[in-house]
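Fold and geometry: a report
In case you want the letters, here they are:
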Amino acid sequence: MARVSAPAEEGLVGAGLVVEGLVFRYPGAETPALDGVSLECGRGLVHWLFGPLGAGCSTLLLAAAGLAPRHTGGTLEGGLTLLGADPQRDAGRRALLGRVAVVTPAPALQLSGVAATVEEEVAFAPANLGWPVERIRAATAAALARLEVAHLAGRAPAALSGGELQRVVIAAMLVLSPDAWLLDEPGAALDAAGRRRLRALLREEAARGALVVVASEDADAMLGAADRVVLLDRGRVRAAGAPEALLAGDEVWREGPGSTSIAALARAAGLPAPHPLTVEEGVARWSR
Amino acid sequence: MSLGPGLAERAHPFTPIAATGAITALAFLLPGPWGPPALYAAVVLLAAATGVGGAVRTAALVCLPLWVFLVLLHGVLGDGPATAVGPLRLSRDGLALAVAQAGRLGAIATATLGMLRAFRPSRFLDATAARGWSFHAAYLVVATLQAGPRLRERAALVLEAQRTRGLRYGGSPPARLRALAPVVLPLVLGALAEVDDRAMALEARGLAAEVRRTPLAPPADTTADRATRLALLALVLAALGWRLAGWLA
């Protein structure tokens with residue numbers, strides 16, 4: 001399989017995520033989880049890491065956040081900078097403190113465990129960073145409102161549903177107004193309305209100039225939200241480009257993660273590529 | 001109808017902790033056989049008066065097997081003059097020792113469980129932050145105090161999950177023991193796996209920041225709170241002085 005590097009869009013390289021020849025092995029693993037990944041993700045865009053289970057999308061996010069291999073164990077080789085800093089070094093992590101939002105797939109494990117209310121939960125990170133109380137209160141209220149969970153402010157985090165919890169966890173990162181977002185399956189626990197809100201939020205954050213990198217297997221959810229998709233397979237970058245072009249083709253189906261449900265339907269019906277990706281495209285194609 | 005939080009919950013977070021520490025010290029300083037049971041009685045009244053009366057029953061249930069064990073160990077097997085209780089002949093010295101130990105146990109267990117019932121992590125962290133104490137150390141205290149309740153919640157979930165998969169939990173003690181393995185293993189392994197995920201999440205949320213944490217709503221340390229803590233300290237010092245004087249005389 002060809003190893004492809006994924007260059008960023010022009011003019012947006014320096015301040016985003018730059019990965020060069022990254023190789024990561026989990027302890028005891030025979031094959032590397034990341035096998036020479038080179039990637040450039042610029043600020044102001046939503047980048048989507050797309051791949052089947054074991055492709056390395058989650059591992060890449062953990063490495064970018066400076067959490068792997070420190071918390072996971074294993075070995076890392078290659079170059080990695082996030083917002084111009086090296087997250088693998090202490091100095092880099094200090095420089096990135098409060099500037100990077102990390103959302104992992106298990107929202108319950110992202111709770112502080114010490115907050116009595118959702119408001120306190122969202123205020124946890126800025127309080128840790130020593131923000132003034134007035135600024136914390138204002139930012140917390142704004143973050144809760146943007147995730148449409150202001151009505152939950154007084155509730156106990158442990159009493160929330162999975163979808164509510166996921167929104168609160170995202171609000172708990174949004175409160176920092178981060179320069180970079182690293183999200184792993186952020187829509188997994190959300191309902192349709194929650195996924196729509198999430199898509200809109202990702203677009204808004206990118207428009208604000210933030211770097212947004214999302215690892216997701218949900219092509220239906222990410223289509224329309226992502227500016228660029230990076231296809232990963234067995235720790236390697238297979239292809240990168242505009243989601244509409246890549247998802248409509250056949251490559252995503254060959255050992256890949258597949259595409260949207262409408263594309264799957266079109267493919268099952270024997271239609272040749274490029275496949276329609278949305279209901280609207282499907283209706284237009286089939287009504288011809 | 002909710003009566004709202006009791007006095008123990010409304011007090012400054014350091015006060016119930018100080019009370020628990022003082023009660024523990026007094027339990028060992030007060031002489032037997034009647035000092036510790038008297039302290040236990042006082043703690044029971046205090047718990048009921050400060051809104052954590054539920055701790056009295058829980059502590060008694062926890063202590064009950066140990067109380068029985070103490071009476072058997074010291075009363076039945078003890079030496080010295082004996083007194084007849086029904087068909088049993090119990091050692092008077094052994095019984096006195098058992099009563100003292102049981103009182104100590106009851107007082108400490110009730111005070112600790114009462115303190116845990118009143119403990120609110122966010123208030124404690126705000127209180128420590130307001131004093132400028134290390135947030136990492138305070139978080140460690142909170143995590144330790146919450147480990148028990150969290151494990152209990154998780155154990156209930158694991159037990160339910162295993163029951164849906166056919167685990168039978170109940171019956172004779174050996175049968176219950178056999179059923180423990182499929183509950184304990186996932187419980188421990190899950191808790192260990194959770195540690196890494198939680199550590200990553202907390203780091204991403206600024207727990208490693210080397211700045212002073214902002215207290216969001218620092219609890220008021222009232223004159224009554226400070227006076228209570230001073231009085232408790234004085235009480236412990238007085239008891240210590242009294243016992244030292246007795247030992248030296």
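Residues numbered from 1 in each chain as written. Chains lettered and ligands numbered in written order. Predicted model: local features only at pLDDT ≥ 70, side-chain atom pairs only at ≥ 80, totals over all residues.

**A look at the overall build of chain B**
Rules: Numbering of helices and strands runs from the N terminus, with a helix taken as a DSSP run of H or I at least four residues long and a strand as a DSSP run of E at least two residues long. The globule rule used here is 2.2 Å times the number of residues to the 0.38 power, and the radius of gyration it is set against is calculated over C-alpha atoms. Exposure in this text rests on C-beta crowding, where 20 or more other C-beta atoms within 10 Å of a residue's own make it buried, 12 or fewer make it exposed, and counts in between make it partly exposed. The C-beta atoms are placed from the backbone.
Each helix and strand counted, chain B has nine helices and two strands in total. In terms of overall size, chain B is more extended than a compact globule, its C-alpha atoms giving a radius of gyration of 22 Å where 249 residues would be expected to give roughly 18 Å. Dimensions along the principal axes, computed over C-alpha positions, put chain B at roughly 65 × 55 × 45 Å. The proportion of buried residues among the 249 residues of chain B is 31%.

**Section: the domain arrangement of chain B**
This is how the line gets drawn: Those domain boundaries reflect an automatic or database domain assignment.
Domain boundaries in chain B define domain 1 (7-120 + 219-248) and domain 2 (133-204). A separation of 30 Å is found between the C-alpha centroids of domain 1 of chain B and domain 2 of chain B.

**Examining the sheet that holds strand β3 (residues 46-50) of chain A**
Pairing between sheet strands relies on hydrogen bonds along the backbone, with the strands arranged either parallel or antiparallel. Residues and elements named next belong to chain A. Note the threshold: Between any two strands, at least two bridges found by DSSP are needed for them to pair. Only the stretch in contact is used when a helix axis is fitted, and all axes are lines through C-alpha atoms; the angle between N-to-C directions ranges over 0 to 180 degrees.
Pairing is mixed across the open sheet formed by six strands, whose spatial order is β5-β6-β7-β3-β8-β9. Looking at strand neighbours, the two that pair on one side only are β5 (100-103) and β9 (236-241), the edges of this open sheet. On average, each strand axis in the sheet is tilted by 15° relative to the strand beside it, whichever way the strands run. Bridge analysis of strand β8 (residues 228-233) against β9 gives five bridges, and the strand direction is antiparallel.

**Re the nonpolar core**
In globular proteins that are soluble, nonpolar side chains generally tend to be buried together. Here is the rule we go by: Any set of buried Ala, Val, Leu, Ile, Met, Phe, Trp, Tyr and Cys residues joined through C-beta atoms within 7 Å is what this text calls a nonpolar core.
By size, the foremost hydrophobic cluster in this structure holds 135 residues, and its most contacted members are Ala171, Leu182 and Val214 of chain A. Per-element accounting of this core gives the leading share, eight residues, to helix α5 (residues 162-174) of chain A. Within the second largest apolar cluster, eight residues are counted, among which are Val71, Ala98, Val99 and Ala102 of chain B.

**Here's the deal with the interface of chain A and chain B**
Size of an interface, as often reported, equals the accessible area lost when the parts are brought together. Worth spelling out the cut-off: Throughout, a residue-residue contact means that the two C-beta atoms, derived from backbone geometry, are no farther apart than 7 Å. Side-chain classes are defined by residue name, with Ala, Val, Leu, Ile, Met, Phe, Trp, Tyr, Cys and Pro counting as nonpolar, Asp, Glu, Lys and Arg as charged, and the others, Gly among them, as polar.
In this assembly, 29 residues from chain A lie in contact with 25 residues from chain B. Counting residues per element, the ones that place at least two in the side of chain A that touches chain B are α3 (118-128) and α4 (133-146) of chain A. With six residues, α3 of chain A is the largest single contributor of residues to the side of chain A that touches chain B. A per-class count over the side of chain A that touches chain B returns 19 nonpolar, nine polar and one charged.

**Here's the deal with the sheet that holds strand β4 (residues 75-82) of chain A**
Residues and elements named next belong to chain A. Pairing within the open sheet is antiparallel, and its three strands lie in the order β2-β1-β4. For this open sheet the edge positions go to β2 (34-41) and β4, each flanked by a neighbour on one side alone. Averaged over all pairs of adjacent strands, the angle between their axes in this sheet comes to 15°, without regard to strand direction. Judged from the six bridges that link them, strand β1 (residues 17-25) and β2 form a sheet pairing that is antiparallel. Along β2, the bridge assignment pairs Val18 with Glu40.

**Observations regarding the domain arrangement of chain A**
Residues and elements named next belong to chain A. For chain A, the assigned domains are domain 1 (1-99 + 212-244) and domain 2 (258-288). Put simply, the middle of domain 1 and the middle of domain 2, counted by C-alpha atoms, are 30 Å apart. Between domain 1 and domain 2, the residue contacts involve four residues of the former and six residues of the latter. Its residues assigned to classes, the side of domain 1 that touches domain 2 shows two nonpolar, no polar and two charged.

**A look at unusual backbone geometry**
Residues and elements named next belong to chain A. In this structure, Pro69 follows Ala68 across a cis peptide bond, with omega equal to 10°. Examined against the element boundaries, Pro69 turns out to sit in the loop between α1 (57-64) and β4. Even without being a glycine, Glu148 presents a positive backbone phi close to 60°. Positionally, Glu148 belongs in the loop between α4 and α5. Residue classification places Glu148 among the partly exposed residues on the basis of 14 C-beta atoms within 10 Å. Of note, the phi angle at Glu185 is positive, near 45°, even though the residue is not glycine. By the C-beta count within 10 Å, which is 19 here, Glu185 ends up partly exposed.

**Remarks on α5 of chain A**
Residues and elements named next belong to chain A. Quick reminder of the rule: Multiply 1.5 Å by the residue count of a helix minus one, and that product is the helix's expected span.
Between its terminal C-alpha atoms α5 stretches 18 Å, which fits the 18 Å expected from 13 residues at 1.5 Å a residue. Counting buried positions along α5 yields eleven of 13 residues, so the element is predominantly enclosed. Those residues of α5 lying buried are Glu164, Leu165, Gln166, Arg167, Val168, Val169, Ile170, Ala171, Ala172, Met173 and Leu174. Where α5 is buried, its residues meet β5, α3, α4 and α6 (192-207).

**So, helix α6 (residues 121-131) of chain B**
In terms of residue burial, α6 of chain B counts as a mostly covered element, since nine of its eleven residues are buried. Within the sequence span of α6 of chain B, burial applies to Pro121, Ser122, Arg123, Phe124, Leu125, Asp126, Ala127, Thr128 and Ala129 of chain B. Where α6 of chain B is buried, its residues contact α3 of chain A together with α2 (14-29) and α7 (135-164) of chain B. Following α6 of chain B by one or two positions, Gly132 of chain B has its phi on the positive side, about 80°.

**As for the confidence of the model for chain A**
Rules: Confidence of the predictor at the level of single residues is given by pLDDT, which spans 0 to 100.
Model confidence for chain A is summarised by a mean pLDDT of 91, while 95% of its residues fall at 70 or above. Low pLDDT, under 50, characterises residues 10-14 of chain A; the predicted model gives this stretch nine contacts beyond four residues in sequence or across chains.

**Here we look at the environment of Leu46 of chain B**
Considering the arrangement of structural elements, one finds Leu46 of chain B in helix α3 (residues 35-49). C-alpha separation for the pair Leu46 of chain B and Arg154 of chain B, spaced 108 residues apart in sequence, amounts to 31 Å.

**A look at the packing of α3 of chain A against α5 of chain A**
Residues and elements named next belong to chain A. To keep it simple, the criterion reads: Helix crossings get a hand from a simple test, with the near helix turned counterclockwise from the far one by less than a right angle marking a left-handed crossing and a clockwise turn marking a right-handed one.
Orientation of α3 relative to α5, taken along the N-to-C sense of each, is 35°, at an axis distance of 7 Å. At the point where α3 passes α5, the crossing takes the right-handed sense. Across the interface between the two elements, Val118, Glu121, Val122, Phe124 and Ala125 from α3 touch Val168, Ala171 and Ala172 from α5. Of the residues contributing to the contact of α3 with α5, the split by class is seven nonpolar, no polar and one charged.

**Regarding the pairing of strand β6 (residues 180-184) of chain A**
All names here are of chain A. Burial runs high along β6: five of the five residues are buried. Alignment of β5 against β6, held across four bridges, turns out to be parallel. If you follow Ala101 over to β6, its bridge partner there is Trp181. In the sheet, β6 pairs with strand β7 (residues 211-215) via five bridges, with the strands oriented parallel.

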